[in-house]
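Here are the chains, one letter per residue:
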Amino acid sequence: MMKITLISLGKLKEKYFTDAATEYEKRLSKYCDLKIIELCPQSLPDAPSESLIKAALEKEAAAIQKAIPKGAYTVPFCIEGKKMSSEQFAKTVKDCENTGAHICFIIGSSYGLCESIKQKANLKLSLSDMTFPHKLFKVMALEQIYRAFKINEGGSYHK
């Protein structure tokens, strides 16, 4: 069974987000061995300086790097990442599955991701030019991963 890790900065607390994430985790259990790792984002004051943000992102990057499974195909979500249709994304997932790759998706904090994580990525991915709350984005990412499996299966979920 394919292994997928989702690393995210921050924990889901609101019941409606945790319920949605739990539902997609349950659905994905049929298709992959999913592991979700929630890391604590660095605390920053209101209106932090660029140097404080950079230092926080570097600390977060160190924690992310430790959590990435050895040899994983890394896919950080970032605004400058490649945009794909759901079908293209499904093909990427299928290609990784066919090669036995362990995919590791990464969701940064509200200030994004450190360049060091992006530079080591196998694929930088963007779901949209729009900005979303990180907690909602986590649910959206899980849904797109599930959709990819359903597309690859030929199911009617994706219309």
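Structure: see above.
Draft legend 1. Quick peek at the overall build of the chain. Broken down by element type, the chain carries five helices and five strands. Ordered by position from N to C terminus, the α and β elements of the chain give β-α-β-α-β-α-β-α-β-α. The C-alpha atoms of the chain give 15 Å as radius of gyration, which agrees with the globular expectation for 159 residues (15 Å, within 12%). Summarising its shape, the C-alpha atoms of the chain cover approximately 50 × 35 × 25 Å along the three principal directions.

Draft legend 2. Seen up close, empty space enclosed by the protein. A full pass over the atoms with the stated rule returns one cavity of 30 Å³ or more. Of the voids in this model, the largest cavity is the one considered here, and its volume is about 40 Å³. Surrounding the largest cavity, Tyr-73, Val-75, Phe-89, Thr-92, Val-93, Cys-96, Ile-103, Phe-105 and Leu-123 form its lining. Within the residue set of the lining of the largest cavity, elements represented by two or more residues are β3 (73-83), α3 (86-99) and β4 (103-107).

Rules of the game
- Residues numbered from 1 in each chain as written.
- Predicted model: local features only at pLDDT ≥ 70, side-chain atom pairs only at ≥ 80, totals over all residues.
- Heavy atoms only, no water.
- Helix = DSSP H or I, 4+ residues; strand = E, 2+ residues; numbered from the N terminus.
- Rg over C-alpha atoms; globule rule 2.2 N^0.38 Å.
- 1 Å grid on protein atoms, 1.4 Å probe; cavity = no way out; pocket = protein on both sides within 12 Å on 5 of 7 lines; lining within 4 Å.
- Points joined across faces, edges and corners; volume = space filled by probe spheres on them.

Interpretation note: all reported values are geometric properties and have no functional meaning in isolation.
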